[in-house]
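One letter stands for each residue in the lines below.
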Amino acid sequence: MNLPVIFSMPGSESLAETLAEALPADTGTMDLHVFPDRETYVRIDSPVAQRDVLLVAALDAPDSKLVPLFLVASTLSSLGARNIVLVAPYLPYLRQDSVFRPGEGLSSSYVAHWISGFADGLVTVEPHLHRIEALSDVFSIPCETASAASSITHWVGENVARPMIVGPDMASRHWSDGIARALECPGVFLHKVRHGDRRVEISIPDLPAYTDFTPVLVDDIISSGQTMAMAVRRLRSAGFPQPVCIGVHALFGQATADLLHAAGAERVVSCNSLRHPSNAIDLGRPVVAAARSLLRTLQAPRRA
């Protein structure tokens, strides 16, 4: 059987190299060119007929990336690729999962339907599932989710003395519980009430026995940083050391980093699901494992 072929959309070269070496797989080449009118030209330079293809894409700021991704995947399909697996560690639009006011749409479902139309499988990392219970609720293709927990656990164990894992809200309790158990350290979660996009209220439990532990706040996404900044302030006012803030997906700029440091954070780090200056935690191993698993699923004989 031919080796899979890996293509990287711009910004995902490092993860593509990791996958090519670990699976193993061939590295494909293609030409992407943006015309002056902002339309995208695609030419695939590597043979893909009857081969599985992994298409690696960083999908932050997704509106400018989804159309080129669609064009590349469609071109690969037209050239005879057997299966096209989208490896998108960060999956956009999942937070728009409910209709709160008349006239709104379900962007999460629309984008998932679109991707399911040009990809045969999906690998992602810690998707932001709130009211959506599983990716299969919105995607009609096989999906594999890589967990960042083991990578975060290893980094905290190597870099933080006497950690206390803190989930910033109930939705993140699986972070605080699972990572704390693995590290055999305290794990707690905070209570959050959100009032719009940028205003939140945070309350912390009474933790006098743990004030000599370093709080490690862990969340799937850091964007505006308002929730984490509020949590950092509350922890500092309760007498805790400067917290460490960890986000799986870094969707923030320098202003958010400055906000967190001004609130009292000692360090702000992220996983490398997206290329970002804060990257410190490598997700190569879990993403490779998820990709292997999905390729096995797609290659297995299908029942009649």
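Anything mentioned here points back to the structure above.
Residues numbered from 1 in each chain as written. Predicted model: local features only at pLDDT ≥ 70, side-chain atom pairs only at ≥ 80, totals over all residues. Heavy atoms only, no water.

### Some thoughts on the overall build of the chain
Helix and strand content of the chain: 8 helices and 16 strands. Relative to a compact globule of 304 residues, whose C-alpha radius of gyration would be 19 Å, the chain shows 21 Å and is just as compact. The principal-axis extents of the C-alpha atoms in the chain amount to approximately 65 × 45 × 45 Å. Within the chain, contacts between residues separated by at least 24 positions form 64% of all contacts whose residues are at least 6 apart in sequence. Averaged over its 25 positive side-chain charges, the chain has a centre that lies 3 Å from the centre of its 31 negative ones. (Helix = DSSP H or I, 4+ residues; strand = E, 2+ residues; numbered from the N terminus. Rg over C-alpha atoms; globule rule 2.2 N^0.38 Å. Contact = heavy atoms within 4.5 Å. Lys, Arg positive; Asp, Glu negative; His and termini not counted. Charge placed at Lys NZ, Arg CZ, Asp CG, Glu CD.)

### Looking at the sheet that holds strand β9 (residues 163-167)
The parallel open sheet is built from 6 strands, whose spatial order is β10-β9-β13-β14-β15-β16. Either end of the sheet is taken by a strand with one partner, and the two such strands are β10 (187-189) and β16 (279-281). For this sheet, the mean angle separating the axes of adjacent strands, direction not counted, is 35°. Helix-sheet contacts for helix α5 (residues 173-183) involve β9, β10, β13 (214-222) and β14 (244-250), and the interaxial angle to β9 is about 160°. Packed on one face of the sheet, helix α6 (residues 226-237) meets β13 and β14 and runs near 170° to β13. (Pairing = 2+ DSSP bridges. Axes fitted to C-alpha atoms, helices over the stretch in contact; angles between N-to-C directions.)

### A look at the packing of aromatic side chains
What the rule picks out here adds up to 5 aromatic pairs. Arranged with centres 5.7 Å apart and planes meeting at 70°, the rings of Phe70 and Phe118 form a pair that is edge-to-face. Separated by 48 residues along the polypeptide, Phe70 in helix α2 (residues 66-78) and Phe118 in helix α3 (residues 107-118) bring together distant segments of the chain. According to the relative accessible area criterion, Phe70 is partly exposed, its value standing at 30%. The exposure class assigned to Phe118 is buried, which follows from its relative accessible area of 8%. One aromatic cluster in this structure is built from Phe70, Trp114 and Phe118. One residue, Arg162, lies across the ring of Phe213, its end atom 4.1 Å from the ring centre. (Phe/Tyr/Trp six-rings, centres within 6.5 Å; stacked < 30°, edge-to-face > 60°. Buried < 20%, exposed > 50% of the residue type's maximum accessible area, 1.4 Å probe, protein only. Lys NZ or Arg CZ within 6 Å of the ring centre and 35° of its normal.)

### Some points on helix α7 (residues 254-263)
Taken residue by residue, α7 has Thr256, Ala257, Leu260 and Ala263 as its buried positions. Summarising the axial view, the buried residues of α7 lie within an arc of 130°, below the 170-degree limit, and thus occupy one face. Turned more than 90 degrees away from the buried face of α7 sit Gln254, Ala255 and Ala262, all of them exposed. For α7, the secondary structure elements touched by its buried residues are β13, α6, β14 and β15 (267-271). (Arc of directions from axis to C-beta.)

### With respect to the nonpolar core
Of all hydrophobic cores here, the largest spans 40 residues; its most connected members are Ile6, Leu19, Leu23, Val87, Ile152, Ile246 and Val287. Looking at this core, the element that brings in the most residues is helix α8 (residues 284-299), giving 7 residues. In contact with Ile246, other than residues within four places in its own chain, are Ile152, Trp155, Val156, Val216, Leu217, Val218, Asp219, Ile222, Met228, Val269 and Ile281. Residues Val48, Ala73, Phe118 and Leu122 belong to the second largest nonpolar core, which totals 33 residues. (Core = buried A, V, L, I, M, F, W, Y, C linked by side-chain atoms within 4.5 Å.)

### What about the environment of Val160?
Relative to the helices and strands, Val160 resides in the loop between α4 (149-159) and β9. Looking at Val160, the relative accessible area reads 11%, which means it is buried. Spatially, the C-alpha atom of Val160 lies 23 Å from that of Glu126, the residues being 34 residues apart in sequence. Contact partners of Val160, with chain neighbours within four places excluded, come to Trp155, Thr214, Val216 and Val244.

### Side note on the sheet that holds strand β2 (residues 26-27)
Strands pair in a sheet through their backbones, by hydrogen bonds, and they do so in one of two ways: parallel or antiparallel. Pairing is parallel in the open sheet, where 6 strands are placed in the order β2-β1-β5-β6-β7-β8. Every interior strand has two partners, whereas the edge strands, β2 and β8 (143-146), have only one. Relative to β8, strand β7 (residues 121-125) is paired through 4 bridges, and the arrangement is parallel. Residue Val125 lies in a different strand from β8, and its bridge partner there is Ala146. Contacts from α2 reach β1 (5-8), β5 (52-56) and β6 (83-87), with the element oriented near 170° to β5. The sheet contacts of α8 involve β5, β6, β7 and β8, and relative to β7 the element is tilted by about 160°.

### Looking at the side chain of Ser270
Within the secondary structure layout, Ser270 lies in strand β15. Owing to a relative accessible area of 0%, Ser270 belongs among the buried residues under this scheme. Within polar-contact distance, the side chain of Ser270 engages the side chain of Ser278 at 2.7 Å. Side chain to side chain, Ser270 and Asn279 meet in a polar contact 2.9 Å long. (Polar contact = N/O pair within 3.5 Å; in protein donor to acceptor, adjacent residues only side chain to side chain.)

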